[in-house]
Structures are given as C-alpha cells and as structure tokens.
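Listed below are the residues making up each chain.
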Amino acid sequence: MKALVTGAAGFLGSFLSEELLENHYEVVGIDNFFRGKKEYLPKHKNFIFYDLDLVKEKDKFARIVKKEKPEWLFHYAAINGTKYFYDIPYQVIDNNICMTQNVLSACENSSVKKIIYASSSEVYGEPLNIPTPESHPILLNVHTVRDSYASSKAICEFYVKLFANKKGIEYLILRIFNTYGPHMDTSEYGQVIPEFINKMFEDKKFTIIGDGEQTRSFCYVTDHTRVVKKLTENVSNEIVNVGNDKETSIINLAEIMHKMEKKEFYPEFLQEREYDHKRRCPDISKLKKLINDYPKINLDEGLYKTLKDYKMKK
Ligand SMILES: NC(=O)c1ccc[n+]([C@@H]2O[C@H](COP(=O)([O-])OP(=O)(O)OC[C@H]3O[C@@H](n4cnc5c(N)ncnc54)[C@H](O)[C@@H]3O)[C@@H](O)[C@H]2O)c1
C-alpha cells in the first residue's frame, strides 16, 4: 500500500511518514520547506521525496500523483503557526486554500482512494462548549486576521468533503488540537511548547502572551500518528477531533517545564493577542469509540521526551 504525505518535512508530516513506513507502507513525501526541514525527512528505502510547491506547481504535482499511484493521500501541508496568522494573513488563507484545490484536482481520475485532511481545532473559534464535540458549529470572525487560518481550514473541509462525495472517493477530516513533540519549529513562529523551550534554554526573558490562564490540551505526536494510522485503516467519511482531552493552563505548562529543568520561574506577562481563544479542549468520545487505547502518553512524559530531544540536538 502506498501513501502520499504533503507537508512531509514538517512536524506532523515527518512523524506520520515514519509511522507509516514502520508499518510497511510505502510513502511519497511532498514539501517546499516553507517551514519543514530536510533533516526531518525519513531515511528509509520505501520513502521517496519531491521538493515541490503545491501552490505554484499544480501540474507537476498532478504528474507525480499519476506516476506514483498512492492509494491514501494525507494532506498535511499548510502555512501553520499562530504568528503567521497575524503577520501574513492573506498569504495564509490564499496559499492554504489554493494548495488544497491543487491537491484535490490531482486526485481526480487517479489511484487515490482516500483523502485525509489535516484540519484544526481553530475552526471552533471561541467554543460555546468545552470539551468541544465535532457537532459544534464552525465559528469564524472576519474582524480578526487570526481567523485567516481557521477560515482556510473550514473552507478546505468543505472542499474535501464535497469533492470526495462528488468523485466517489473516501475522506477523513481530522480536527487536530495542539500537538507537540520533537521536530517543532522553535522560532517565534512556532507553537507554545517549542517557544517556551527556546526561551528557557536561551536564557531569554521568560514572557507569556496574555495572563497565562488561557488553556490548551496537548497531544504527544506519536499518539497523533498512531491514531491517524488506525483511523485511516478503519474509518471513512467522518470528521473526528484528534487531540488529548486533558486541559492545561499555559502558566501551569510553563511551571511544569521549569520544574522539570530545575529552572527558576519568573514569568513576565505580555499584552494578549487579539481574539486569542481562552479555552480549548476536545470532546474525544467519538475518537475513543473508534480507538480504545488512546491517549497513551501524558503531558509529563511527553514533555520529558520533547525536552530530552531538544537538549540532545543542542
Ligand atoms: N501541530 C499542530 O498542533 C496542529 C494543530 C492543528 C492543525 N494542524 C495542521 O496539521 C498540518 C501539519 O501541521 P504541522 O504542525 O506539522 O505544521 P508544519 O508547518 O510543521 O508542517 C506543514 C508543512 O507544510 C509545508 N508547506 C507549506 N506550504 C507549502 C507549499 N506551498 N507546498 C508544499 N509544502 C508546503 C511546510 O514547509 C511544512 O513542512 C497542517 O495542515 C496544520 O494546519 C497542526
């Protein structure tokens, strides 16, 4: 069985490719290194990689799909990273939608039997219910540039579902909540855990955006990839929350990380981001019905692994 993974040099795409390879799938990876890194690409005899821009090289991508004949297509490529949503909102919405259209168009009359789309918990906006089930409405706010990303993800959910239904292809839409682990971008464009790691080890002033009381729920990356492989093998035509349902405040997260590294904790608080969401936690009852041994890795264990990897590479 062959799978194609877009965004294969990125955080989740690189781990997902490894998971599939370990389970004897052949993998075709695609990335343009917008944020992904060459060193994260799997080194495996069953892995082929194409350096390709999914926005600018539509025809080349279609030719690759025809040549490689994948049966599963995991569409994980996107401009992701909260700071980008504020700094380059037009590029975020435009690229994310355009690359998804190009990916779908290449699936037409091809070998692809199932499209797995990496959507995001951001489509729930400031949720009305916590934990948030898949039935919760998509909430988008045109008055904030932050929602450039959420709206691209929401529109692409429609594209994927409608395209798949029209063409008789199976689909799976994953609403992914904060996932963490090695291979995360530690720049200011990264997510909160790598950003904290960077500040702790560079001995920079430890700043927290907002009052730190905002919550997120954190899923370790191998829990994500294990679940996604199982879902893809067993489930079709569903929208599923993929995340951990243990809610943690950002200040608590920072304290745990400092304690683990035996560092003193003197945070400084910055102005909160416009329209930052106060709480985020998935209702994972649907996921647990489908996958019974989930999640496996708790926050302490996952942070320990992430910090260890970061220190090894330093
Ligand atoms: N990590 C999370 O917690 C999380 C949460 C919700 C949703 N997601 C979604 O999951 C997917 C993977 O996220 P991630 O954290 O690995 O992000 P990432 O930025 O590490 O990976 C995305 C990859 O897409 C590539 N890419 C961007 N534009 C491209 C283009 N035009 N052509 C080819 N490749 C391109 C980037 O270089 C990068 O390697 C994304 O779609 C993201 O929106 C991630």
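For the structure, see preceding data.
Along each chain, residue indices are assigned from 1 in the same order as the chain's sequence is written. Confidence filtering applies because this is a predicted model: local features only for residues at pLDDT of at least 70, side-chain atom pairs given and counted only at 80 or more, and all residues used for totals across whole chains, interfaces and linings.

Moving on to the pairing of strand S6 (residues 170–176). Exposure criterion: with C-beta atoms placed from backbone coordinates, a residue whose C-beta has 20 or more other C-beta atoms within 10 Å is buried, one with 12 or fewer is exposed, and one in between is partly exposed. Each helix is a run of H or I in the DSSP string that is no shorter than four residues. Each strand is a run of E no shorter than two, and both are numbered from the N terminus. The buried fraction of S6 amounts to six of the seven residues, a majority that puts the element mostly inside the structure. Bridge count for strand S5 (residues 114–120) against S6 is seven bridges, and the pairing is parallel. Pairing of lysine 114 across the sheet is with glutamate 170, part of S6. When the strands point away from the viewer and the connection leading from the first strand across the helix to the second strand turns clockwise, the crossover is called right-handed. With helix H5 (residues 147–167) bridging S5 and the parallel S6, this β-α-β connection has right-handed handedness. Two strands pair under a simple rule: DSSP has to find at least two bridges between them. Bridge analysis of S6 against strand S11 (residues 238–242) gives five bridges, and the strand direction is parallel. In the sheet register, isoleucine 173 faces S11, and the bridge partner there is isoleucine 239.

A separate point is the site of the ligand. Surveying the vicinity of the ligand reveals 28 residues, the closest of which are Gly7, Gly10, Phe11, Gly36 and Ala78. Listing elements by their share of the shell around the ligand, those giving two or more residues are helix H1 (11–22), strand S2 (26–31), helix H4 (89–107) and S5. Residues of the shell around the ligand, tallied by class, amount to 15 nonpolar, ten polar and three charged. All residues are tested the same way: a C-beta atom is placed from the backbone, and lying within 6 Å of a molecule or strand makes the residue near it. Classes in brief: Ala, Val, Leu, Ile, Met, Phe, Trp, Tyr, Cys and Pro nonpolar; Asp, Glu, Lys and Arg charged; the others, Gly included, polar.

Let us now look at the sheet that holds strand S1 (residues 2–6). In a beta sheet, neighbouring strands pair by backbone hydrogen bonds and run either parallel or antiparallel. Spatially, the seven strands line up as an open sheet ordered S3-S2-S1-S4-S5-S6-S11, and their pairing is parallel. Either end of the sheet is taken by a strand with one partner, and the two such strands are strand S3 (47–51) and S11. Between one strand and the next, the sheet's axes are offset by a mean angle of 20°, whatever the strand orientation. Where helix H7 (residues 221–234) meets the sheet, it contacts strand S4 (72–75), S5, S6 and S11, and its direction lies at approximately 165° from that of S11. Here, axes are lines fitted to C-alpha atoms. For helices the fit covers the stretch in contact, and angles between N-to-C directions go from 0 to 180 degrees. We call two residues in contact when the distance between their C-beta atoms, placed using the backbone, is within 7 Å.

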